[in-house]
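Geometric and topological summary
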There are 4 protein chains.
Amino acid sequence: MIIMEKGATPEQVQNVAAEIERCGLKADVSRGEFRTVIGVVGDETKVSFSLLATLPGVKEARMVETPYKLVSREYGNGEGRIIRVGDVAIGGEEPVIMAGPCAIESRQQLFRIAEGVKRAGAQILRGGVFKPRTSVHSFQGLGALGAEEAEEALFWLKEAGEHFGMPVVTEIRGERQVDLVARYVDIIQIGARNMYNQDLLVAVAKKGKPVIFKRHFGASVEEFLSFSEYIAAEGNKDIILCERGIVPVGKGKSFTRYTLDVAAVPVIQKESYLPVIVDPSHAAGRRDLIYSLSCAAIAAGASGLLIEVHYNPAEALVDAQQMINPDELGEIVEASKKISQVARTRVTR
Amino acid sequence: MIIMEKGATPEQVQNVAAEIERCGLKADVSRGEFRTVIGVVGDETKVSFSLLATLPGVKEARMVETPYKLVSREYGNGEGRIIRVGDVAIGGEEPVIMAGPCAIESRQQLFRIAEGVKRAGAQILRGGVFKPRTSVHSFQGLGALGAEEAEEALFWLKEAGEHFGMPVVTEIRGERQVDLVARYVDIIQIGARNMYNQDLLVAVAKKGKPVIFKRHFGASVEEFLSFSEYIAAEGNKDIILCERGIVPVGKGKSFTRYTLDVAAVPVIQKESYLPVIVDPSHAAGRRDLIYSLSCAAIAAGASGLLIEVHYNPAEALVDAQQMINPDELGEIVEASKKISQVARTRVTR
Amino acid sequence: MIIMEKGATPEQVQNVAAEIERCGLKADVSRGEFRTVIGVVGDETKVSFSLLATLPGVKEARMVETPYKLVSREYGNGEGRIIRVGDVAIGGEEPVIMAGPCAIESRQQLFRIAEGVKRAGAQILRGGVFKPRTSVHSFQGLGALGAEEAEEALFWLKEAGEHFGMPVVTEIRGERQVDLVARYVDIIQIGARNMYNQDLLVAVAKKGKPVIFKRHFGASVEEFLSFSEYIAAEGNKDIILCERGIVPVGKGKSFTRYTLDVAAVPVIQKESYLPVIVDPSHAAGRRDLIYSLSCAAIAAGASGLLIEVHYNPAEALVDAQQMINPDELGEIVEASKKISQVARTRVTR
Amino acid sequence: MIIMEKGATPEQVQNVAAEIERCGLKADVSRGEFRTVIGVVGDETKVSFSLLATLPGVKEARMVETPYKLVSREYGNGEGRIIRVGDVAIGGEEPVIMAGPCAIESRQQLFRIAEGVKRAGAQILRGGVFKPRTSVHSFQGLGALGAEEAEEALFWLKEAGEHFGMPVVTEIRGERQVDLVARYVDIIQIGARNMYNQDLLVAVAKKGKPVIFKRHFGASVEEFLSFSEYIAAEGNKDIILCERGIVPVGKGKSFTRYTLDVAAVPVIQKESYLPVIVDPSHAAGRRDLIYSLSCAAIAAGASGLLIEVHYNPAEALVDAQQMINPDELGEIVEASKKISQVARTRVTR
């Protein structure tokens, strides 16, 4: 990590980057309001930091020990990143609610749900086209029916987003879908099962769009951050980290599909400058806990929620048991605002 | 489970209990405001429910399938139990804050901390005398120094509680301490490591005092409730269940000692009538997360918090890294009150 | 699942398949020595099994409840599948040893290791070209240097395999590598991190080559088998399942990278007809346990081992701490043969 | 840890111990064949090692960093400990098979099983009197019926052991049972659920009899060894460590009750001089895996097995589904001997 002096010129910055590239590595230039910082992508032992420290305009040059450097709070100059998508600011004062159907089933279904979540106070619309499923025998989303159906569903999503004034997000499941999906959505989601899929991460990062990046249910926080670094190393720092539960432990029932690791929210905020949101729907796997887990997530400091909503949960083709309806979402939106205010007004830090 | 008719006489209740005992089992008579219910302790297959159903005053008699029956919400008539200790009501509208030092080190240390937590708004005073420790080479609490030191420390705790008007709680670690501890405290705590220690559970239950019963870090919710049944089967239903984190999962760091399973709070509330509190100190294992986890726990619906406090955390002989000071506790008390109000005012259920 | 009568004609089989396809599902025809069985890929509720049961040549038609059907032992007619690659039979009497470097670093390194593992008694040569890594800053294999380097490394692997008379296997990391890799290797490996990557599974399955399919470290056995079904549903049943350890549990050190779930070997053999092998290298993460874990795996009934070998482990660019040398491999080969004989000669089953 | 010179006199050893005790700590004197080593029980920072190093007869004095010192391989002089009970040597060349009923139900049942396991080749007889159970409503062993029944069952166990020439072991569940149990058995077992019960550990250790100490299913190896130190600190080093499975991880079924951590066997052997055995019965929770897991445990280097046996498993009052019969045990005994020979004859270490 090379910290430039306050008045360093673009040429000086360029010069440092060139030196790093001469060693066969990549330079990541991050211009903040107060300072410019240059990260090193690759094996840092190949660079001479003592040499870099002598270059004009360089204030400090040192090796960073964590496996995640470009997403570390230190690299981010101590401040949290605010990611703007349309009028929505993720990582700012207000919690951002992202909601919609698990799977888009038809234009009519999507629009009816979009209307409901908008009315309930959601700011971003989600809708699944390519569904990751445990069983090959289950419905895999409209995307599985063919290229045309996939594109049509994505078109509806874009249309619904524009109609109701909400940016839209969908999950990408494989590398072949990257170009198509990037044409239609504002935010690309990488699901938990793909957290370790570094080829997909790189392909998505290159599109330059904001990414919702979900923690794998078997991953430690350290691994989660290390893999988000694959996206950051492509120069894309618009990463929204999402906690969605880890594998349950123990013999006998604990009555949820996964264990929501709510402590991951403040932990990540101390380790990284990236905003963290929570998906209570997949963590709980049951409708009647979504409200409580949403409140808990916001109270823990989450910058937003990602929630599955359907006007009639019982009808949903996928994840019916964990969907809530727009009225229930409205209660969560209200509670989130109030809890967020309480949780943030704190004197001691 | 045998549900008596509304106007069933004491003789009729007695008669049913006698029939159960004739089969070699124990009867648990639970008199609610609206109905009397009789539970069966032991192997239910030895009882004829069809015979019981014909006894006078019996409205319904049926087998209960869950491994926990006496603590199930169904048995509790659907209502939550409020446990009263002195002026404090655990399980009622207000969250109850229990705080104090991890280990009592001296009378002065205890009084100074008690004064601090009282001022901060705590309602119950905690203080450890017999400390469970991972290493035999670590300080094990004043209780390890001898019988006299143990009793003296317990006396100080009682004294401090009376002086500051707070009921007191301490952890019991082994069967030999039961009589002594019960003489001095208002609530007896059974720690996570002893959750499976059924002999200790029975011995503590028999004292008839309220019990804080902590979930083992390797236990599912189902196991947790099944073991609380050992206390209930002795006729003691004043059980305060406490979630304190489960064993972390995954390779690499997740930066907390345990994983706080915040979903356990609403899950247990749906399964059982017993109140649930949360211990954020042991879950986090680090001071800077206590505030966030406390807010999350209350937002999830917890009836209270159990927090380690020291006037100067750095000085503490045990768990120094996870102690907060009274000012920080004050912020948690304030936030808890406000968040509790928001989380509870909900229309849809 | 539709079981045909012993003398059912190809036309009758075709007729049943056609009926299944008329319902919008796919038919999987499996011709065994003694009977032909037809599986249904997709939502079985869309098919009328009572109708299918009346078709000519059908002995029995019934719904299968498990999420994995095409890989279930029942579907496989109760027998284990033997997968033949060149002269090697995986799933037969003898345990099969697959060994080689974690990452191919040069032609010379590969040939020297191949010579060593051949001499030690290995039957299949492994070598990594596309390395999944936790840190973007680490060496990612020769495949990361460019298309030409990737192809060159794969060519060496094929060459070494032919030179030493061993079929070869390499791991595929992303969809874009499928065509290239399939041109050069005899067996394609899907790594643990990609177990849930259903798009990759389908793409690999379509190549028709045998697949080593590794269990994800956060997956239950049920999930593992359910995802292997994605490969089977493409008509490719040459799936070698590989256990390689699951995420460790608990606070404090257990001194291995993952927990080898050795019970998964006999468990899977009871659930499925597919052969199961074990990778002790990634489970242990340390050289000095490879011998013991290899012996344990074979004793538990594994059909083979997948082991990382280097002539000088300390020199390896990747996973240096878990590599063994060819002499150590030789000891494992010897022990495996003897233990396998003991473990298999059992009267009671 | 203080290592004495080869010719150090008893007075010199005594002198060092006295110095340690002057600092308020306990000295643990361990006389090996080749050297005498003195361990420090308690907070080592209170001792001056530089002073101790100057005392007559002292070769070396240094602080040991691990939380387990008295059970560490280093303290044990690098050699494994062989624990002799009657004619049986645990930790020696031959694997030791300990078998018998989960719960003693009657004298006749016990004798019939004892006869069976003796004939099958077992060396030690196990039988449960005080059964830890998840449900208060289940059968808790004869020990739960009263003091007289408990003593009678223990008497039968002793009697059966003498009759068939096998040392006997039973599990102790609570502190109140220590005196009684110690009067009748050769080895006292502390079950997994009591691993963290330090008061029980101390009470059992003081009896001076060999102890089978089981790993808790939520404990890391590091915690397991740290708690065994509670026994060692009482001067009792006859500790037989027992791996019996850890809590399962993941969503969905893995088809065993616990996950047998077979790597714990060689790991512990590298960390400690204590012998390690394996209990496959509780790990599997199902009869049909006992053979495979037993073979795997011995292949991994276990010094013995602890197996539940019943002449008619289906009749057993406790754990019926995981019992095997004497014939099956015989096969395990045979396989264990052969596998043990293979696994131990290894050149490279």
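As the structure is a prediction and not an experimental result, all values here were calculated from the model. (Residues numbered from 1 in each chain as written. Chains lettered and ligands numbered in written order. Predicted model: local features only at pLDDT ≥ 70, side-chain atom pairs only at ≥ 80, totals over all residues.)

**Some points on the overall build of chain A**
In terms of regular secondary structure, chain A is built from eleven helices and 14 strands. The C-alpha radius of gyration computed for chain A amounts to 21 Å, which stays within 12% of the reference 20 Å derived for 349 residues, consistent with globular compactness. For the C-alpha atoms alone, the extent of chain A along its principal axes is close to 65 × 50 × 45 Å. In chain A, which comprises 349 residues, the proportion classed as buried is 60%. Long-range pairs, those at least 24 residues apart, make up 66% of the contacts in chain A with a sequence separation of at least 6. (Helix = DSSP H or I, 4+ residues; strand = E, 2+ residues; numbered from the N terminus. Rg over C-alpha atoms; globule rule 2.2 N^0.38 Å. Buried ≥ 20, exposed ≤ 12 C-beta atoms within 10 Å, placed from the backbone. Contact = placed C-beta atoms within 7 Å.)

**Here's the deal with the sheet that holds strand E3 (residues 36-41) of chain A**
Residue and element names in this part refer to chain A. If you walk across this open sheet you meet the four strands as E2-E3-E1-E4, and the pairing is antiparallel. Of all the strands in the sheet, just strand E2 (26-31) and strand E4 (58-61) have a single pairing partner and so form its edges. Between one strand axis and the next, the sheet turns through 20 degrees on average, direction left out of account. Pairing of strand E1 (residues 2-4) with E3 involves two bridges; the strand directions are antiparallel. Within E3, the residue paired with Ile2 across the bridge is Ile38. Against the sheet, helix H1 (residues 10-22) contacts E1, E2, E3 and E4, and its axis sits at roughly 155 degrees relative to E2. (Pairing = 2+ DSSP bridges. Axes fitted to C-alpha atoms, helices over the stretch in contact; angles between N-to-C directions.)

**Digging into the interface of chain C and chain D**
In many analyses, interface size is given as the accessible surface area lost on bringing the parts together. With 45 residues of chain C at the interface, the matching set in chain D holds 44 residues. Listed by contribution, the elements that provide at least two residues to the side of chain C that touches chain D are helix H7 (221-232), helix H8 (264-271), helix H10 (290-299) and helix H11 (326-344) of chain C. The biggest single contributor to the side of chain C that touches chain D is H11 of chain C, with eight residues. Residues that form the side of chain C that touches chain D fall into these classes: 25 nonpolar, ten polar and ten charged. (Nonpolar A, V, L, I, M, F, W, Y, C, P; charged D, E, K, R; others polar.)

**A short note on unusual backbone geometry**
Although it is not a glycine, Phe255 of chain B adopts a positive phi angle of roughly 70 degrees. Among the residues examined, Phe255 of chain B registers 20 C-beta atoms within 10 Å and is labelled buried.

**Some details on the interface of chain B and chain A**
Each partner contributes residues to the interface: chain B has 44 residues there, and chain A has 44 residues. Residue composition of the side of chain B that touches chain A, by class: 24 nonpolar, ten polar and ten charged.

**A short note on the packing of helix H3 (residues 107-120) of chain D against helix H11 (residues 326-344) of chain D**
Residues and elements named next belong to chain D. Here H3 crosses H11 at 25 degrees, and the two axes come no closer than 8 Å. Our classification of the angle between H3 and H11 gives roughly parallel. Of the two elements, H3 crosses H11, and the hand of that crossing is right-handed. Listed contacts from H11 to Gly116, Val117, Arg119 and Ala120 of H3 are Pro326, Leu329, Gly330 and Val333. (Parallel < 35°, antiparallel > 145°, perpendicular 65-115°, else oblique. Left-handed = near helix turned anticlockwise from the far one by under 90°.)

**Details of the domain arrangement of chain A**
Split by domain assignment, chain A resolves into domain 1 (2-61) and domain 2 (83-344). Taking only C-alpha atoms, the centre of domain 1 of chain A and the centre of domain 2 of chain A are 36 Å apart. (Domains from an automatic or database assignment.)

**Quick word on the relation of the copies chain C and chain D**
Rotating chain C by 180 degrees and moving it 0.0 Å along the rotation axis overlays it on chain D with an RMSD of 0.0 Å. The symmetry that links the two subunits is that of a two-fold axis. By C-alpha distance to the rotation axis, the residue of chain C lying nearest is Ala296 of chain C, at 2.0 Å. Both copies contact each other with a shared surface, as 98% of the interface residues of chain C are interface residues in chain D too. (Least-squares fit on C-alpha atoms with pLDDT ≥ 70 in both.)

**Topic: the sheet that holds strand E4 (residues 58-61) of chain B**
All names here are of chain B. Spatially, four strands are ordered E2-E3-E1-E4 in an open sheet, and the strand pairing comes out antiparallel. Each of the sheet's edge strands pairs with one partner strand only, and the pair in question is strand E2 (26-31) and E4. Adjacent strand axes in the sheet meet at a mean angle of 20 degrees, parallel and antiparallel pairs treated alike. As defined by bridge partners, E2 adjoins strand E3 (residues 36-41) across six bridges and the pair is classed as antiparallel. Note that in E3 the partner of Arg31 across the bridge is Thr36.

**Some details on helix H7 (residues 221-232) of chain B**
Residue and element names in this part refer to chain B. Compared with the 16 Å implied by 1.5 Å per residue over twelve residues, the 16 Å span of H7 between its first and last C-alpha is a close match. For H7, the tally of buried residues reaches twelve of twelve residues, placing the bulk of the element in the interior. Three or more residues of H7 are buried, namely Val221, Glu222, Glu223, Phe224, Leu225, Ser226, Phe227, Ser228, Glu229, Tyr230, Ile231 and Ala232. (Expected span 1.5 Å × (residues − 1).)

**Regarding the relation of the copies chain B and chain A**
When chain B is brought onto chain A, the operation consists of a screw motion whose angular component is 180 degrees and whose axial shift is 0.0 Å, with 0.0 Å RMSD remaining. Most of the interface of chain B is mirrored in chain A: 100% of its interface residues are interface residues there too.

**A word on the packing of helix H3 (residues 107-120) of chain B against helix H4 (residues 147-164) of chain B**
Helix-helix packing: each pair is described by the crossing angle between the helix axes and the interaxial distance. Residue and element names in this part refer to chain B. Close contact between H3 and H4 brings their axes to 10 Å; oriented N to C, the two are set at 30 degrees. As for the relative orientation of H3 and H4, their crossing is right-handed in sense. On H4, the residues that touch Arg107, Leu110, Phe111, Ala114, Glu115 and Lys118 of H3 are Trp156, Leu157, Ala160 and Phe164. Tallied by class, residues from the contact of H3 with H4 come to seven nonpolar, no polar and three charged.

**Structural notes on helix H8 (residues 264-271) of chain D**
When you tally the buried positions in H8 of chain D, you get seven out of eight residues, the bulk of the element. Turning to H8 of chain D, its buried residues are Ala264, Val265, Pro266, Val267, Ile268, Gln269 and Glu271 of chain D. Residues of H8 of chain D that are buried in the fold lie against H10 of chain C together with helix H7 (221-232), strand E12 (239-243), strand E13 (276-278) and helix H10 (290-299) of chain D.

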